[in-house]
Amino acid sequence: MFDKSEVLYYNITCVIVRWIMRLDVKRIINTPGDGIEFNEEFDLSDVDFGGVCPAVRPVSVVGTVRNIAGMLRLRFDLDTELSCVCDRCGVRIEKPFHVELERMLATELEDEENDEILLLEDGGLELDELARETYILNMDTKTLCREDCKGLCPGCGANLNIEECHCKKETDPRWAELQKLL
Ligand SMILES: [Zn+2]
Ligand SMILES: [Zn+2]
């Protein structure tokens with residue numbers, strides 16, 4: 001159990017962390033031509049895809065919010081390096097992950113169905129939540145070490161990208177001839 005001082009400390013930490021990740025755009029809402037730049041890093045190593053958490057490094061989110069003729073446009077690049085396992089051969093691979101996102105920001109939504117527009121809450125945006133959602137929605141459903149990965153032999157388990165299948169010997173025609181003689 002926590003004692004009282006520990007609970008208090010924990011709460012304070014959470015408040016500070018959330019405050020840092022909130023993008024406040026109030027300053028530019030009424031000033032066309034103005035903009036805000038941001039450059040943040042998020043830890044998404046807890047996001048689990050079927051038992052694998054590929055974001056082993058910090059996820060960087062670099063972008064801008066611009067007021068273009070009274071409309072707020074958000075755009076950012078989300079980048080990280082993924083550590084995952086090839087679905088066919090099981091080899092661990094590292095590969096870059098990159099998403100570009102562009103959305104309009106609005107203080108009220110006229111069309112709830114339109115996901116091109118994000119709703120501001122009290123003139124701000126939860127950038128950590130948006131980064132998390134963008135990361136999850138853009139994750140590949142299939143991971144391959146290379147497009148033409150040959151996978152593992154179902155018979156002997158050999159990784160066919162780097163070695164010959166060991167079952168082949170048994171189906172070698174010469175071996176079959178020899179077996180007939182025996
Ligand atoms: Zn592979
Ligand atoms: Zn084999």
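Attention in this report is confined to the structure presented alongside it. (Residues numbered from 1 in each chain as written. Chains lettered and ligands numbered in written order. Predicted model: local features only at pLDDT ≥ 70, side-chain atom pairs only at ≥ 80, totals over all residues. Heavy atoms only, no water.)

## Re the pattern of salt bridges
Applying the stated rule across the entire model yields 11 salt bridges. Across the pair Lys26 and Asp24 runs a salt bridge whose closest N-O atoms are separated by 3.9 Å. Residue Lys26 is classed as partly exposed on the basis of its relative accessible area of 43%. The partly exposed category is assigned to Asp24, whose relative accessible area is 38%. With its nearest N and O atoms 3.7 Å apart, the salt bridge here joins Arg75 to Asp77. By sharing partners, the salt bridges in this structure join Arg75, Asp77 and Glu100 into a single network. (Salt bridge = Lys/Arg side-chain N within 4 Å of Asp/Glu carboxyl O. Buried < 20%, exposed > 50% of the residue type's maximum accessible area, 1.4 Å probe, protein only.)

## Some remarks on the pairing of strand S4 (residues 71–85)
Bridge analysis of strand S3 (residues 59–68) against S4 gives nine bridges, and the strand direction is antiparallel. The partner of Thr64 across the bridge, within S4, is Arg75. Between S3 and S4, which pair antiparallel in sequence order, lie two residues; one of them, Ala69, sits at a positive phi of approximately 50°. Pairing of S4 with strand S5 (residues 92–106) involves 14 bridges; the strand directions are antiparallel. What sits directly across from Ser83, in S5, is Glu94. Hairpin geometry of S4 and S5 is characterised by an intervening segment of six residues between the two adjacent antiparallel strands and by a positive phi of about 75° at Gly90. (Pairing = 2+ DSSP bridges. Helix = DSSP H or I, 4+ residues; strand = E, 2+ residues; numbered from the N terminus.)

## A closer look at the coordination of the zinc ion (ligand 1)
As a benchmark, a tetrahedral metal site with four donors has ideal angles of 109.5 degrees, while an octahedral site with six donors has ideal angles of 90 or 180 degrees. Around the zinc ion (ligand 1), the donor atoms from the protein are Cys86 (SG), Cys89 (SG), Cys145 (SG) and Cys149 (SG), and they sit 2.2 to 2.4 Å away. Each of the four donor atoms bound to the zinc ion (ligand 1) contributes to angles spanning 106 to 114°, and the resulting shape is tetrahedral. Along the chain, the residues donating to the zinc ion (ligand 1) are arranged with the sequence spacing C-x2-C-x55-C-x3-C. With a gap of 60 residues between them, Cys89 in the loop between S4 and S5 and Cys149 in the loop between helix H3 (127–137) and helix H4 (173–181) connect regions that are remote in the sequence. (Donors = N, O, S within 2.8 Å, 3.2 Å for Na, K, Ca; no water. Tetrahedral: all angles 85-135°; square planar, octahedral: opposite > 155°, others 65-115°.)

## A closer look at the environment of Pro58
By the element assignment, Pro58 lies in the loop between strand S2 (35–42) and S3. Residue Pro58 is classed as partly exposed on the basis of its relative accessible area, which comes to 46%. With 13 residues separating them in the primary sequence, Pro58 and Ser45 have C-alpha atoms 7.9 Å apart.

## Notes on the layout of surface pockets
Of the volumes computed, that of the largest pocket is approximately 250 Å³. Surrounding the largest pocket, 13 residues form its lining, Leu118, Leu119, Glu121, Leu125 and Glu126 being those nearest its centre. Those elements that provide at least two residues to the lining of the largest pocket are strand S6 (117–119), strand S7 (124–126) and H3. Within the lining of the largest pocket, the residues separate by chemical class into six nonpolar, two polar and five charged. (1 Å grid on protein atoms, 1.4 Å probe; cavity = no way out; pocket = protein on both sides within 12 Å on 5 of 7 lines; lining within 4 Å. Points joined across faces, edges and corners; volume = space filled by probe spheres on them. Nonpolar A, V, L, I, M, F, W, Y, C, P; charged D, E, K, R; others polar.)

## Structural notes on the coordination of the zinc ion (ligand 2)
Bound to the zinc ion (ligand 2) on the protein side are Cys153 (SG), Cys156 (SG), Cys165 (SG) and Cys167 (SG), at distances that span 2.2 to 2.4 Å. Between the four donor atoms coordinating the zinc ion (ligand 2), the angles at the centre fall across 103 to 117°, so the site counts as tetrahedral. Along the chain, the residues donating to the zinc ion (ligand 2) fall in the pattern C-x2-C-x8-C-x1-C. Residue classification places Cys165 among the buried positions, given a relative accessible area of 13%.

## Quick notes on H3
Leu127, Asp128, Leu130, Ala131, Thr134 and Tyr135 are the residues of H3 that are buried. End-on, the buried residues of H3 take up no more than an arc of 160°, which puts them together on one face. (Arc of directions from axis to C-beta.)

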